[in-house]
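# Descriptive analysis of the structure
The residues making up each chain are set out below.
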Amino acid sequence: MIRFESVTKRFANGTTAVDDLSVEFLEGGITVLVGSSGCGKTTTLRMINRLVDPTSGTVSLGGRDVRELPAAQLRRGIGYVIQQAGLFPHRTVLDNIATVPTLLGWGRRKARARAAELLEVVGLAAESGKRYPHQLSGGQQQRVGVARALAADPPVLLMDEPFGAVDPVVRTLLQDELIRLQAELHKTIVFVTHDIDEAVRLGDRIAVFRTGGHMVQFAPPAELLARPADDFVAGFLGAERGLKLLSLISLQNVPYEPIAAVKTTDTAAQARAEATGRWLLAVSPDGKPAGWLDVDALDGSDAIGQAALTPVRGLTDSDSLLSALNETVSSPTGMAVRVDAAGVLVGASRDDVVHAHQRSLA
Amino acid sequence: MIIEWGWLTTHTDDLLALTLDHLATAVPAVLLGLLIALPLAVVAHRVRPLRGLLLGISNIMFTVPSLALFVLLLPITGLTRTTAIAGLTVYTLVVLLRNTVEGLDSVPAKVREASLAMGTGRLGTLLKVEFPLALPVIMAGVRVASVMTISLVSVASYIGYGGIGQLFTDGFQRSFPTPVLAGVVLTLLLALAADAVLVLVQWLCTPWMRKGARA
Ligand SMILES: Nc1ncnc2c1ncn2[C@@H]1O[C@H](COP(=O)(O)OP(=O)(O)O)[C@@H](O)[C@H]1O
Ligand SMILES: [Mg+2]
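Residues numbered from 1 in each chain as written. Chains lettered and ligands numbered in written order. Predicted model: local features only at pLDDT ≥ 70, side-chain atom pairs only at ≥ 80, totals over all residues. Heavy atoms only, no water.

### Describing the overall build of chain A
Along its length, chain A carries 14 helices and 16 strands. Expressed as lengths along the three principal axes of its C-alpha atoms, the size of chain A is roughly 80 × 50 × 30 Å. The 362 residues of chain A split such that 48% are buried. Of the contacts formed within chain A by residues at least 6 apart in sequence, a portion of 60% connects residues at least 24 apart. (Helix = DSSP H or I, 4+ residues; strand = E, 2+ residues; numbered from the N terminus. Buried < 20%, exposed > 50% of the residue type's maximum accessible area, 1.4 Å probe, protein only. Contact = heavy atoms within 4.5 Å.)

As structure tokens, then:
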């Protein structure tokens with residue numbers, strides 16, 4: 001969909017920002033460009049919407065050279081999100097979002113209506129539409145930036161370290177929302193970051209860049225982590241590369257077996273009758289795991305709900321092998337508790353099963 | 001008694017006429033100055049090598065004595081109001097040009113880039129993003145230029161378009177201080193009023209800067 005053919009960019013001062021890049025980015029997927037600062041990621045991105053023109057080579061979009069269209073027209077069909085959002089400080093949030101629809105001549109009312117709709121899509125309250133950007137938090141501004149880029153429903157979205165300026169908690173939240181949005185919208189997204197964890201989380205494909213504008217590897221995240229092309233890539237992926245890989249593998253193929261459990265509304269006597277060892281899983285009346293019950297510590301015959309439970313995290317099939325390993329370590333029984341999509345208990349995987357599955361991948 | 005209050009009451013019509021005459025020179029001078037300074041500032045802002053040159057020229061022109069400037073303009077525009085306006089415009093340029101360039105400099109690069117990346121053209125970005133954001137700094141220049149011009153109009157008395165300044169020549173020739181003092185007070189009031197109007201205009205044009213709109 002987005003194709004670079006022998007693209008080189010040399011700036012007037014002699015810096016080679018991108019060196020002979022040939023690559024094709026996936027349609028309807030997220031391609032992440034990752035690498036340390038100054039390695040040419042932003043320049044690569046900006047050659048797609050012609051904020052930068054290549055010194056040689058061609059960039060094409062959907063089979064057409066980007067130079068065929070007038071720059072302004074090309075750009076109206078490509079969403080662009082940057083760090084700190086780059087919002088217009090003198091326009092309200094609603095008018096910021098309505099920028100491209102207005103340029104496309106939708107008319108004020110239709111453009112505003114679309115903007116209001118997008119506020120909701122990115123999880124902002126309707127009232128925030130009337131505010132000015134500086135009245136919002138960094139995370140909210142970033143959401144407005146995403147909404148503005150999506151306003152005219154462009155097939156392509158370019159994002160340059162969009163979550164780089166917000167704190168880690170908000171960043172994770174925004175990443176989750178991007179994943180959720182992408183599952184609905186299926187845009188072709190090119191996402192620039194210097195954070196390898198962000199790249200692994202978001203990318204369907206990852207392009208690793210090295211200073212001097214060389215792309216050193218282009219691969220799906222699991223392949224990148226399992227088989228880094230060279231020492232540079234391995235070094236960039238970091239010492240915990242193995243753990244990152246485990247975080248990408250789902251529990252879909254990890255078997256589980258039924259597990260005995262009591263309801264938190266049951267009595268201590270019922271728990272003792274059910275128990276085969278010291279620990280017993282307790283579930284809430286609607287069947288969701290509530291915690292591990294220490295049967296030996298029970299006294300009286302009150303409801304179990306009163307007793308202190310050791311926390312448990314129920315894992316769905318889409319959770320990662322890394323979280324299952326974590327559960328086997330932190331649960332008192334070495335069991336990873338499994339739930340269905342609604343969070344209701346379905347069984348548990350023993351630690352030896354989890355470990356066996358992990359070894360089978362190597 | 002320095003002031004003859006009686007003179008004032010018998011001359012209110014004259015004073016009003018002179019004030020309007022004053023404005024008829026000052027207002028076009030500042031507007032013309034803006035009309036020249038805005039495009040020049042855009043050039044100075046975008047073409048680095050020209051920046052120093054343009055700002056330098058406007059600085060040098062500022063140092064030309066006003067009498068000399070009028071004498072130089074006389075062969076071109078004669079003894080007309082145009083000469084007065086043109087001369088005063090020259091003096092507004094230095095502050096209008098410098099402030100507009102600074103205003104454009106103050107627009108965050110990211111915001112300009114975002115505007116271009118959304119598919120707004122260069123001219124559209126200038127008019128709809130850069131000028132509005134530069135407005136507070138430009139308006140600060142317009143306020144200084146206006147007050148300066150209002151006080152400078154009097155020097156055009158040489159060529160008969162001094163507005164309130166005529167009162168100074170009049171009072172000076174007759175050694176009669178009342179019109180001089182009246183002229184000083186009128187000039188001051190006019191400058192204050194003009195400044196107040198400009199503050200109001202700026203307030204109306206920049207809703208995003210208002211107290212209520214602050215976080
Ligand atoms: N307009 C420019 N003029 C000159 N050099 C530039 C320009 N833009 C970027 N560079 C240089 O090109 C290299 C790559 O920059 P960039 O693409 O911004 O890297 P990244 O986004 O990976 O941090 C850097 O060395 C940078 O200094
Ligand atoms: Mg960058």
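### Details of the overall build of chain B
Summing up its helical and strand segments, chain B has nine helices and zero strands in all. Ordered by position from N to C terminus, the α and β elements of chain B give α-α-α-α-α-α-α-α-α. Oriented by its inertia axes, the alpha-carbon framework of chain B measures out at about 70 × 45 × 20 Å. When the 215 residues of chain B are sorted by exposure, 46% land in the buried category. Restricting the contact set of chain B to residue pairs at least 6 apart, pairs at least 24 apart contribute 75%.

### Things to note about the environment of R108(A)
Along the chain, R108(A) turns up in helix α5 (residues 108-121). It is 8.3 Å that separates the C-alpha atoms of R108(A) and A98(A), two residues lying 10 residues apart in sequence.

### So, unusual backbone geometry
All names here are of chain A. The residue D20 is not glycine, and still its phi comes out positive at about 50 degrees. Note that D20 resides in strand β2 (residues 16-25). One non-glycine residue, H186, adopts positive backbone phi at about 50 degrees. The exposure class assigned to H186 is exposed, which follows from its relative accessible area of 54%.

### Side note on the nonpolar core
Residue and element names in this part refer to chain A. Formed by 44 residues in total, the largest nonpolar core has its most connected members in V32, V34, I97, M159, F191 and I206. With five residues, the single largest contributor to this core is helix α6 (residues 138-150). Those residues in contact with V34, other than ones at most four positions away along the chain, are K41, T193, H194, D195, I196, A199, I206, A207, V208, F209 and F236. With 40 residues, the next largest nonpolar core counts M1, L33, I78 and V156 among its residues. (Core = buried A, V, L, I, M, F, W, Y, C linked by side-chain atoms within 4.5 Å.)

### Some points on the interface of chain A and chain B
Often the size quoted for an interface is simply the accessible area lost on bringing the parts together. Between chain A and chain B, the residue contacts involve 24 residues of the former and 20 residues of the latter. Overall, the association of chain A and chain B removes approximately 1,900 Å² of surface from exposure, summing both partners, and the carbon and sulfur fraction of that is 64%. At the boundary of chain A and chain B, one finds one salt bridge. R46(A) is the partner of E113(B) in a salt bridge, and the nearest nitrogen-oxygen pair spans 2.8 Å. Sorting the residues of the side of chain A that touches chain B by element identifies α2 (71-76), β6 (78-82) and α4 (99-103) of chain A as the ones contributing at least two each. (Buried area = accessible area lost by both parts, 1.4 Å probe. Salt bridge = Lys/Arg side-chain N within 4 Å of Asp/Glu carboxyl O.)

### Details of the pattern of salt bridges
Residue and element names in this part refer to chain A. What the rule picks out here adds up to 26 salt bridges over all chains. Note that R3 and E24 form a salt bridge whose closest N and O atoms lie 3.0 Å from each other. You can see R3 sitting in strand β1 (residues 2-10) and its partner E24 sitting in strand β2, a full 21 residues away along the chain. On the basis of relative accessible area, R3 is assigned to the partly exposed category, the value being 37%. Residue E24 is classed as partly exposed on the basis of its relative accessible area of 42%.

### A short note on the side chain of T178(B)
Looking at where T178(B) falls in the secondary structure, it is placed in helix α9 (residues 177-205). Among residues more than four places away in sequence, those in contact with T178(B) are I2(B), I3(B), E4(B), W7(B) and L8(B).

### Remarks on the pairing of strand β8 (residues 188-193) of chain A
All names here are of chain A. Buried residues dominate β8, accounting for six of its six residues. Neither face of β8 is open: one carries T188, V190 and V192, the other I189, F191 and T193, and all of them are buried. As defined by bridge partners, strand β3 (residues 30-34) adjoins β8 across five bridges and the pair is classed as parallel. Note on β8: the bridge partner recorded for V32 is F191. (Pairing = 2+ DSSP bridges.)

### Re the site of ligand 1
Residue and element names in this part refer to chain A. Every residue close to ligand 1 is listed here: F11, N13, T15, A17, S37, G38, C39, G40, K41, T42 and T43. Here an oxygen atom of ligand 1 and a backbone polar atom of C39 are 3.1 Å apart. G40 places a polar main-chain atom, nitrogen or oxygen, 3.0 Å from an oxygen atom of ligand 1. Calculation on ligand 1 without its partners gives an accessible area of 560 Å², and the protein chains cover 62% of this total. (Near = heavy atom within 4 Å. Polar contact = N/O pair within 3.5 Å; in protein donor to acceptor, adjacent residues only side chain to side chain. Areas by Shrake-Rupley, 256 points an atom, 1.4 Å probe, with all protein chains shown as cover.)

### Comments concerning a nonpolar patch on the surface
Residue and element names in this part refer to chain B. On the surface, V43, V47, L50, L53, I57 and M61 cluster together into a nonpolar patch covering about 440 Å² of accessible area. Looking at the nonpolar patch element by element, the count peaks at four residues for helix α3 (residues 48-63). Residue L50 is classed as partly exposed on the basis of its relative accessible area, which comes to 33%. (Patch = residues over 30% accessible without salt bridge, like charges linked within 9 Å, V, L, I, M, F, W, Y side chains within 5 Å.)

### Quick word on the pairing of strand β12 (residues 279-283) of chain A
Residues and elements named next belong to chain A. With four of five residues buried, β12 is to be regarded as a mostly interior element. Across three bridges, the pairing between strand β11 (residues 261-263) and β12 is parallel. Bridge pairing links K263 to V283 in β12. Assessed by its sense of winding, the connection that carries the chain from β11 through helix α12 (residues 268-274) to β12 is right-handed. Direction of pairing for β12 relative to strand β13 (residues 289-294): antiparallel, over a ladder of five bridges. Residue pairing for β13: A282 is matched across the bridge by G291. (Right-handed = clockwise from strand over helix to strand, strands pointing away.)

### A closer look at the sheet that holds strand β4 (residues 56-61) of chain A
All names here are of chain A. Judged by pairing direction, the sheet is antiparallel, and its four strands sit side by side in the order β2-β1-β4-β5 without closing on themselves. Each edge of the sheet is formed by a strand with only one pairing partner; in this case those strands are β2 and β5 (64-65). Bridging between β1 and β2 involves six bridges; their strand directions are antiparallel. Looking across to β2, one finds that F4 is bridged to V23. In the packing of helix α1 (residues 41-48) onto the sheet, the strands contacted are β1, β2 and β4, and the crossing angle to β1 comes to about 120 degrees. (Axes fitted to C-alpha atoms, helices over the stretch in contact; angles between N-to-C directions.)

### A few points about the packing of aromatic side chains
Under the criterion given, the structure shown has six aromatic pairs over all chains. Aromatic side chains F25(A) and F218(A) sit 6.0 Å apart centroid to centroid with 50 degrees between the ring planes, which places their arrangement in the tilted category. Taken as a pair, F25(A) in strand β2 and F218(A) in strand β10 (residues 214-219) lie far apart in primary sequence, 193 residues in all. Owing to a relative accessible area of 2%, F25(A) belongs among the buried residues under this scheme. For F218(A), a relative accessible area of 28% translates into the label partly exposed. Ring centres of W7(B) and F176(B) lie 6.0 Å apart, and the angle between their planes is 85 degrees; on these two criteria the pair is classed as edge-to-face. Residue W7(B) is found in helix α1 (residues 5-10), and its partner F176(B) is found in the loop between α8 (165-173) and α9; the two are separated by 169 residues along the sequence. In this structure F176(B) comes out as buried when scored by relative accessible area, which is 13%. Grouping aromatic residues by their ring pairs yields a cluster made of F4(A), F25(A) and F218(A). Above the face of the F88(A) ring, R91(A) is positioned so that its terminal group lies 4.7 Å from the ring centre. Directly above the ring of W203(B) sits R210(B), whose terminal nitrogen or CZ lies 3.9 Å from the centroid. (Phe/Tyr/Trp six-rings, centres within 6.5 Å; stacked < 30°, edge-to-face > 60°. Lys NZ or Arg CZ within 6 Å of the ring centre and 35° of its normal.)

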